[in-house]
Amino acid sequence: MDADIALIVDGERRAVTVDTRTTLLDALRERLGATQPKKGCDHGQCGSCTVLLDGRRHLTCLALAVAHDGAEIVTAGGLGGPGGPGSLGSPDGALHPVQQAFLDHDGFQCGYCTPGQVCSAVGVLDELRAGHPSLVTEDLAAEDPTGSDDEIRERMSGNLCRCGAYAGILAAVRQAGTQEARA
Amino acid sequence: MSADIVTQLVPDVVDARAMGRHLDRQDGVEKVTGAATYAVEHPVEGEVLHAWLVTSTTARGRVLRVDASDALDHPGVLRVLDHESAPRLADTEDRELTVLQDDRIAFRGQIVALVVATSSEAAREGALLVRVHQDEEPAEVVFDEHSATYAPEEVNAGAETDTEVGDPDAAFASAPVVIDATYVTPHEFNSPMEPHAATATWDGALLTLHDSTQAVHAVRTTLAPVLGLAPEQVRVLAPYVGGGFGSKGLPHAPEVAVALAALALPGRPVRLAVTRQQMFALTGYRTATRSRVRLGAEPDGTLLVVRHDASSQTSRIKEFAEQSATAARMMYAAPHRATTHRVAALDVPVPSWMRAPGEMPGMHAQEVALDELAVAAGIDPIDLRERNEPEVDPESGRPFNGRRLVECLRVGADRFGWSGRPAEARARAEGDWWVGTGVASATYPMLFSPGNTARIRSLGEGRYGVDVGAVDLGTGARTVLVQIAADALQVAPDCIDLAIGDTDLPFATVAGGSSGTSSWGSAIAAAAQQFRHDHGSSPDPGLHTTAASGAYADTEGHAMHSFGAVFAEARVHRWTGEVRVSRLHGVYSVGRVINPMTARSQLLGALTMGLSAALHEEGWRDPRTGHVVTQDLATYHVAAHADVRDLQAEWLEEEDHLATPMGSRGIGEIGIVGTSAAIANATFHATGVRVRSLPLTADHFLDA
Amino acid sequence: MKELTYHRATDAAEAVALVAADSDARFLGGGTNLVDHLKLGVARPGTLVDVSRLPLDAVEELPDGGLRIGAAVRNSDLAAHPVVRRGFPAVARALLAGASGQIRHQATTAGNLLQRTRCVYFQDVTTPCNKREPGSGCSALGGYGRYNAVLGASEACVATHPSDLAVALTALDAVAVVLGPDGERRIPLTELHRLPGHHPERDTVLDHGDLVTAVELPGSAVAPASTYAKARDRASYAFALVSVAAAVDLDGDVVRDVRLAWGGVAHRPWRAYVAEEALRGAVLTEETAREAAAAELAAATTTDQTAYKVAMVRNLTAHTLLRLAGGAR
Ligand SMILES: Cc1cc2nc3c(=O)[nH]c(=O)nc-3n(C[C@H](O)[C@H](O)[C@H](O)COP(=O)(O)OP(=O)(O)OC[C@H]3O[C@@H](n4cnc5c(N)ncnc54)[C@H](O)[C@@H]3O)c2cc1C
Ligand code: SF4
Ligand code: FES
Ligand code: FES
């Protein structure tokens, strides 16, 4: 059964007809040609399909597109850079500090998990700023968890990287977090 | 430009200017923005069709009937191919690639039908609605100490099945210290983040395949005869590949399946993404291994005899013999030595290459055995390895090309802080954790694949096009090949326009066996040197030269290997037995490092994969059905970010001009070798519990 | 995935009416479990009634110091809630120990409690499974067993319940508020999930059309001194091998009051009443804690593959109680 919905993808409103069974991931990739979110498992087990959905990091493979009519989605392509297929990129083509940090620390190899890692990292830094705890936060009641290495590792654990770029990803998130704190 | 004249030459040494320095990853921006397009992401002309595989649920038997009526009734489903309706293949010798040609079922998870639909939703549902009536025959799927095995003619990489030097039996009989233990590694799955996938279009004359592969030309040369096409009728493209680690080194059944779908629906692009679950049966894996390792030594640890008897399983339809015992042939000095390989042929999917096939499981066994010897003899594990350092390759008697294992061990020991390590196990606790350290050696042969060809084109204004059908699956090839080309042409890297990942480009071999950079780089060096010879230093635009590299490496005169040392600090929870690797450091001798950044990522990535194998990975095959039930990323665990703590890789400065004109050797695999052994040895040191199987799960240490 | 009708409910009563009237309809929360099952063919509903946008997304403080948690509150929001962090740390930790940051933004309170087992055979429609297809047999018996139950299992099913949150809520005497076709009722968490018996297809006591609208946590003296510990096969993003939710109120080193529940050991979150009873009034030491856990585990049945769980949950219980006594949360 088909349904007409609209999604705001990287700042652009896009009308799309989906099957009621279509996941947000397949709506983006197969129907809108926005292939920044990747499909590593299709079952919520890898994090490659992570985007920012209404401002928070979110998987797209376990979400039905019809349930997210009107949602605002930012992919790695919408965070910055010259823009990829189906995405606007940033107006001046500048990279987002998280993207730049991934380049600086070689936080990837094959690049398949990377758009998801980048979106997740942006979400992690937001959550840290908002004072959200993680499992490794010693004092749950404290309102300002630190961005320690262990905090970053735990919070980024929903994004698997089979190339094993975790060391670079850690350094990248740390750098982007420090820049943010300074800004 | 297919009519190019190809010159074959052995390239001269390339002077390093760009090589050895940093160069930004050439495709970095595309990757961090998501603009890089993988196999099923390429925009194609025409309305795309979606294919979905239907797989067998019996391990052995026959397909009696494929009932597609419900599937075809489902809106959007266009076609269901089965063994009767699929186009015929021209060559069915390779049973792994013989897809939908007959009713035989050789393993659980084999392709028995294929659904093509206008949407992926319809294709998925169509596949569920196909009813496959199967006749089940008794199957053998269990690999253990009781499995009947045979001696293969040779083992993977063309190595000898058995070797023997001296009189091992007599040596054991008189050896003062003997270690005799069996080490077991489980089925491991490459599990690249990008699932195996392809988009195929057949226009009546040309089959275009956007594939996720480590070798575009190998896909073409393998598939063309299978499909009954001339090689020129198959074009394979792979500009970006989301990892492979060996599983994408050769085409597997899904590539044939998508090609069949395209042939059946001419003019329509067909996309097939193998599901994560299906990958556990269809795209290769590292077979489980059993290694009986026996070491006989003097009381001071000097080895008298080494024996490694390795067995593994393979599929009844295609032999793959993991060469686990080959490292025992060259690692340590000993006057007496024997190695053997046996395989059990079972009704299971076809095993294949996974990062450092042979060395990874084999060195795990050997390096844990060596740790057992160190404990038995009361010697420091590093001293033990140093004591058994051979002067020449123990079996062939050839000199090494520069064997720096001891330096790796010593430098690593220094960096890691090895000295002062308590000799006895279970000596250190911090909070709720037992803490221990362990070490292991690493090695990987220097491999070179002949036949690589590259083309250099003058673009004018000092710029050059460099074409080679290589693939970058994350290794950094797209970056280091630019550095090599720049130095070979003696220009700056930003003068190079590199094109890779397309069979329209000159022939290149697989990104595998850590041979890619060596082999493609040699071809680029040959072509660049020939180009300069032909066209001088200020060539007119349009001039070009194509050349192939002859064998450069002196493999006859030398035993060519890379070496390394891995140090691990493991923590074992006193209450739950959970294991954490708090530090993992590797030091390597790998020839010249062409790009420090991408090289470090390769080594760290392989160390991470070794850690993952040590702690997590286990494909559990149901003995009743032959089915790997841990068939997704929630049950087949690979290391998550929180599992990886302090991880470091470094290398000894060197250049190896016996190996390649660039002075490099290859770095893709050595990082996984020995890593799980170092961690296993560290858990023993932490707890006093010796675990001889992988993975090192918490239950092993609960009573520690 | 079967063809689907999607309906976004506007209020709870409408949602209940829609689902109750249609045996082929299901509630959709965040979808992290149900959409997974749609793809696997494990669930094949014809209609989805989306309850994730119902106005059930508030966390309210109750007069007794307790909390009323709306069914649609996202796992991440609940874990970050200041009162949960301060007053019910076991709940916050259990949530944070589950899944991943992304999934927690999507998953709802009710959906988490009602997620189904991760038994590998349940998730694979090509294998027999009594829970998925009553009467077809249980593949896990004699199959892959590492995650199977050691308490309360039956011949028909040896699966475990996967939720971490449910274990913490079970320990802290939470109550599910359920709206059914016949009105509202309150079901203690300890009674919400079932043991498999002859009917493993029924995870809970809920009937078709019963909508969980909220979960209430009573105010209690023990809850602020509670925590959650989880042992697993990797450091993060993995389901429990075993887990422990514990709360303890000490008078010196004497246990005045204690709550204990275990995850990963049974078809439901396992409230360890026997162990609690053994500990109440006792001096808390490693030995008394181990003995109390062992008493609870006397009824355990194990196989080669699950035997480790007995030692693991016993150890983890002792460890967790001692850590609580030391001030950890
Ligand atoms: C890779 C992965 C790892 C995970 N790891 C963990 C883990 O470690 N620990 C853990 O606890 N969980 C884990 N989860 C599970 C996750 O927490 C659950 O999937 C999630 O909490 C379910 O919430 P939901 O809102 O998405 O539920 P849905 O998927 O929407 O629904 C689940 C079930 O609840 C029913 N339902 C939903 N809302 C209501 C309602 N209000 N009333 C009645 N019925 C309702 C649905 O019909 C469905 O049957 C993991 C999931 C994944 C994919
Ligand atoms: S344990 Fe339960 S869920 Fe698993 S196969 Fe058996 S019946 Fe199905
Ligand atoms: S594709 Fe969504 S989590 Fe893997
Ligand atoms: S970069 Fe390849 S999976 Fe992460």
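Residues numbered from 1 in each chain as written. Chains lettered and ligands numbered in written order. Predicted model: local features only at pLDDT ≥ 70, side-chain atom pairs only at ≥ 80, totals over all residues. Heavy atoms only, no water.

### Topic: the overall build of chain C
Rules: Note on conventions: DSSP H or I runs of at least 4 residues are helices, E runs of at least 2 residues are strands, and numbering of each starts at the N terminus. With a 1.4 Å probe rolled over the protein chains alone, any residue whose accessible area is under 20% of its type maximum counts as buried; one over 50% counts as exposed, and the rest are partly exposed. Residue contacts follow a heavy-atom distance rule, with two residues in contact if any of their heavy atoms lie within 4.5 Å.
For chain C, the count of helices and strands is 12 helices and 12 strands. With the principal axes as the frame, chain C shows a C-alpha extent of 60 × 50 × 35 Å. By the burial criterion, 65% of the 329 residues in chain C qualify as buried. Across chain C, the fraction of contacts at a sequence separation of at least 24, relative to all contacts at a separation of at least 6, is 63%.

### Structural notes on the overall build of chain A
For clarity, the cut-off: A radius of gyration in this sense is built from C-alpha atoms; the matching globule rule multiplies 2.2 Å by the number of residues raised to 0.38. Here the Shrake-Rupley method, with its probe set to 1.4 Å, supplies the accessible areas, and only the displayed protein chains count as covering residues. Neither His nor the chain termini are counted; the positive set is Lys and Arg, and the negative set is Asp and Glu. Lysine's charge is taken at NZ, arginine's at CZ, aspartate's at CG and glutamate's at CD.
Tallying secondary structure elements over chain A gives 6 helices and 5 strands in all. Mapped from its N terminus to its C terminus, chain A presents α and β elements in the order β-β-α-β-β-β-α-α-α-α-α. Taking 2.2 N^0.38 as the reference for a compact globule, 183 residues should give roughly 16 Å; the C-alpha atoms of chain A span a radius of gyration of 16 Å, in line with that estimate. The C-alpha extent of chain A, read off along each of the three principal axes, is 50 × 35 × 30 Å. For chain A, the proportion of contacts with a sequence separation of at least 24, taken over those separated by at least 6, is 51%. Put simply, chain A shows about 5,500 Å² of open surface, and 49% of that area lies on carbon and sulfur atoms. Side chains of chain A carry 15 positive and 25 negative charges; the gap between the two charge centres is 5 Å.

### A few points about the environment of Val579(B)
Residues and elements named next belong to chain B. As for its position among the elements, Val579 is in strand S24 (residues 579-589). Judged by its relative accessible area of 8%, Val579 falls in the buried class. Placed 145 residues apart in sequence, Val579 and Trp434 show a C-alpha to C-alpha distance of 9.5 Å. Setting aside residues up to four positions removed in sequence, Val579 forms contacts with Arg571, Val572, Leu615, Thr683, Leu696 and Phe701.

### Some thoughts on the interface of chain A and chain B
The criterion, for reference: By buried area we mean how much accessible surface two parts lose on assembly, using a 1.4 Å probe and totalling the loss over both. By definition, a salt bridge exists where a carboxyl oxygen of Asp or Glu is found within 4 Å of a side-chain nitrogen of Lys or Arg. N or O atoms within 3.5 Å of each other form a polar contact, as long as, within protein, one can give a hydrogen and the other can take it, and as long as residues adjacent in sequence are counted only when both atoms are side-chain atoms.
On the side of chain B, 61 residues touch chain A, which itself brings 53 residues to the contact. Carbon and sulfur atoms supply 57% of the area that chain A and chain B bury against each other, a total of about 4,200 Å² over both sides. The largest share of the area that chain A buries against chain B comes from Gln109(A), Arg162(A) and Tyr166(A), three residues that together contribute 21% of it. Counting across the interface, chain A meets chain B through 6 salt bridges. In this structure, Arg124(B) and Asp42(A) form a salt bridge, with 2.7 Å as the shortest nitrogen-oxygen distance. Where chain A packs against chain B, one counts 29 residue pairs in polar contact (both at pLDDT 80 or more).

### Comments concerning the site of ligand 1
Rules: We call a residue near a molecule or strand as soon as one heavy atom of that residue lies within 4 Å of the molecule or strand. Residue type decides the class: Asp, Glu, Lys and Arg count as charged, Ala, Val, Leu, Ile, Met, Phe, Trp, Tyr, Cys and Pro as nonpolar, and the leftover types, Gly among them, as polar.
Near ligand 1 you find 36 residues, and of these Phe27(C), Thr32(C), Leu34(C), Thr108(C) and Asp164(C) are the closest. Near ligand 1, the surrounding residues belong to chains A and C. Separating an oxygen atom of ligand 1 from a backbone N or O atom of Gly31(C) is a distance of 2.7 Å. Taking Thr108(C), its side chain carries an N or O atom lying 2.6 Å from an oxygen atom of ligand 1. The protein chains hide 96% of the 970 Å² of surface that ligand 1 would expose on its own. No other element matches the 4 residues that helix H7 (residues 109-114) of chain C contributes to the shell around ligand 1. For the shell around ligand 1, a count of residues per class yields 16 nonpolar, 15 polar and 5 charged.

### What about the site of ligand 2?
Around ligand 2 there are 14 residues in total, and Cys119(C), Cys129(C), Cys138(C), Cys157(C) and Val158(C) lie nearest to it. For the shell around ligand 2, the per-class residue count stands at 10 nonpolar, 3 polar and 1 charged.

### Comments concerning unusual backbone geometry
Residue and element names in this part refer to chain B. Residue Leu694 is joined to Pro695 through a cis peptide bond whose omega torsion reads -5°. Tracing the sequence through the fold places Pro695 in the segment after helix H14 (675-687). A positive phi is found at Ala157, a non-glycine position, where the angle reads about 70°. By the element assignment, Ala157 lies in the loop between strand S7 (131-136) and strand S8 (163-165).

### What about the domain arrangement of chain C?
Short version of the rule: Each domain span listed reflects an automatic or database assignment of domains.
Each domain of chain C was delimited in the assignment, giving domain 1 (5-50) and domain 2 (226-328). Once you take the C-alpha centre of each, domain 1 of chain C and domain 2 of chain C turn out to be 36 Å apart.

### A closer look at the side chain of Arg124(B)
Here Arg124(B) lies in helix H3 (residues 120-129). If sequence neighbours within four positions are ignored, Arg124(B) has contacts with Asp42(A), Trp52(B), Met1(C) and Lys39(C).

### Topic: the interface of chain C and chain B
Contact residues are listed per partner, giving 40 residues for chain C and 38 residues for chain B. Overall, the association of chain C and chain B removes approximately 3,000 Å² of surface from exposure, summing both partners, and the carbon and sulfur fraction of that is 58%. If you sort the residues of chain C by the area they bury against chain B, Arg234(C), Ala235(C) and His319(C) come out on top, with a joint share of 20%. At the junction of chain C and chain B, the tally comes to 2 salt bridges. Among the salt bridges present, the one from Arg44(C) reaches Glu125(B), with a minimum N-O distance of 2.5 Å. In this assembly, chain C and chain B are joined by 17 residue pairs in polar contact (both at pLDDT 80 or more). Among the elements of the structure, helix H2 (34-40), strand S9 (226-232), helix H11 (286-296) and helix H12 (307-325) of chain C are those that each provide at least two residues to the side of chain C that touches chain B. The element that contributes the greatest number of residues to the side of chain C that touches chain B is H12(C), accounting for 8 residues.

### Points about the sheet that holds strand S6 (residues 175-180) of chain C
Residue and element names in this part refer to chain C. The following threshold applies: Whether two strands pair depends on DSSP finding at least two bridges between them. Axis definition: a line fit to C-alpha positions, over the contact stretch in the case of helices; interaxial angles, taken between N-to-C directions, run 0 to 180 degrees.
One open sheet holds the 5 strands; their spatial order is S4-S5-S8-S6-S7, and the pairing between them is antiparallel. Since the sheet does not close on itself, it has two edges, and those belong to strand S4 (59-61) and strand S7 (183-188), each with one partner. The average angle at which neighbouring strand axes cross in this sheet is 20°, direction not considered. As defined by bridge partners, strand S5 (residues 67-70) adjoins strand S8 (residues 211-217) across 4 bridges and the pair is classed as antiparallel. Bridging across to S8, Gly70 finds its partner in Ala214. Along the sheet, helix H1 (residues 12-20) contacts S6 and S8; its crossing angle with S6, the most-contacted strand, is approximately 65°.

### A short note on helix H12 (residues 516-535) of chain B
Residue and element names in this part refer to chain B. Let me state the cut-off plainly: The span one expects for a helix is its residue count, reduced by one, times 1.5 Å.
The terminal C-alpha atoms of H12 lie 27 Å apart, and with 20 residues this matches the ideal 28 Å at 1.5 Å per residue to within 8%. Where burial is concerned, most of H12 is hidden: 16 out of the 20 residues are buried. Remark: Gly536 follows H12 within two positions and exhibits a positive phi of approximately 75°.

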